[in-house]
Amino acid sequence: MRKSRTYKLMLSADGVSLYLACHCRLAGLVRAFIPYGQTLGVAVSVLEGLAPCDIAAELVTQRFARSCGSTPHFVGATAQLAERMDAIRTRLGESTDFAAVPTVRDLYIAGLLGFEATDDSQLLKAHSQLKL
């Protein structure tokens, strides 16, 4: 059984800054050097807690548009992350808030933007629930 895999994020320079800001914040909260994949895992946890309408609203912001890019960045994380993203996409596909289900690459960025707006206690709770 595969315990981890690599995930591709397509980010602009602003998107890289967003990711690194989230990563530094989380590392500071847990007071440890953490793998980049833990940050992505927490961002997906945030996404799981958002209503479809909130995700839809995030996908049309200027900050989202500035974070999207054509440069691939690879992050190692647990294999379960793909299953969690599939579940999110299924839930969004059942929603009337989307004409088409958002791409995984767009959802990663939406998760990072949601991460930014999430309070510290919720981030710590999401981190403690990750299956590392």
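This is a predicted model, so every value here is computed, not measured.

Draft legend 1. Layout of the environment of Ile55. With respect to the secondary-structure elements, Ile55 resides in helix H3 (residues 52-58). The exposure class assigned to Ile55 is buried, which follows from its relative accessible area of 0%. Sequence separation between Ile55 and Leu113 is 58 residues; the distance between their C-alpha atoms is 9.8 Å. In this view, Ile55 contacts Leu47, Leu50, Arg91, Leu92, Phe98 and Leu107; residues no more than four positions away in its chain are not counted.

Draft legend 2. Up close: the packing of aromatic side chains. Taken as a whole and judged by the stated rule, the model has one aromatic pair. Between Tyr19 and Tyr36 the ring centres are 6.3 Å apart and the planes differ by 45°, which places this aromatic pair in the tilted class. Placement of the pair is Tyr19 in helix H1 (residues 13-30) and Tyr36 in helix H2 (residues 36-49), with a sequence separation of 17 residues.

Draft legend 3. Focus on helix H6 (residues 104-117). Look at H6: 20 Å from first C-alpha to last across 14 residues, which is about the 20 Å you get at 1.5 Å a residue. Every buried residue of H6 is listed here: Leu107, Tyr108, Ile109, Ala110, Gly111, Leu112, Leu113, Gly114 and Phe115.

Draft legend 4. Summary view of the confidence of the model for the chain. Within the chain, residue pLDDT values average 95, and 98% of them lie at 70 or more. No element of the chain has a lower mean pLDDT than strand S1 (residues 4-11), which averages 93, and none a higher one than H1, which averages 98.

Draft legend 5. Just the packing of H1 against H6, in detail. Contact geometry of H1 with H6 gives a least axis separation of 10 Å together with a crossing angle of 45°. By the criterion of interaxial angle, the relationship of H1 to H6 is oblique. The two elements H1 and H6 meet at a crossing, and its hand is left-handed. Judged by residue contacts, Leu18, Tyr19, Cys22, Arg25 and Leu26 of H1 engage Ile109, Leu112, Leu113, Phe115 and Glu116 from H6.

Quick notes on the rules
- Residues numbered from 1 in each chain as written.
- Predicted model: local features only at pLDDT ≥ 70, side-chain atom pairs only at ≥ 80, totals over all residues.
- Heavy atoms only, no water.
- Helix = DSSP H or I, 4+ residues; strand = E, 2+ residues; numbered from the N terminus.
- Buried < 20%, exposed > 50% of the residue type's maximum accessible area, 1.4 Å probe, protein only.
- Contact = heavy atoms within 4.5 Å.
- Phe/Tyr/Trp six-rings, centres within 6.5 Å; stacked < 30°, edge-to-face > 60°.
- Expected span 1.5 Å × (residues − 1).
- pLDDT = per-residue confidence, 0-100.
- Axes fitted to C-alpha atoms, helices over the stretch in contact; angles between N-to-C directions.
- Parallel < 35°, antiparallel > 145°, perpendicular 65-115°, else oblique.
- Left-handed = near helix turned anticlockwise from the far one by under 90°.

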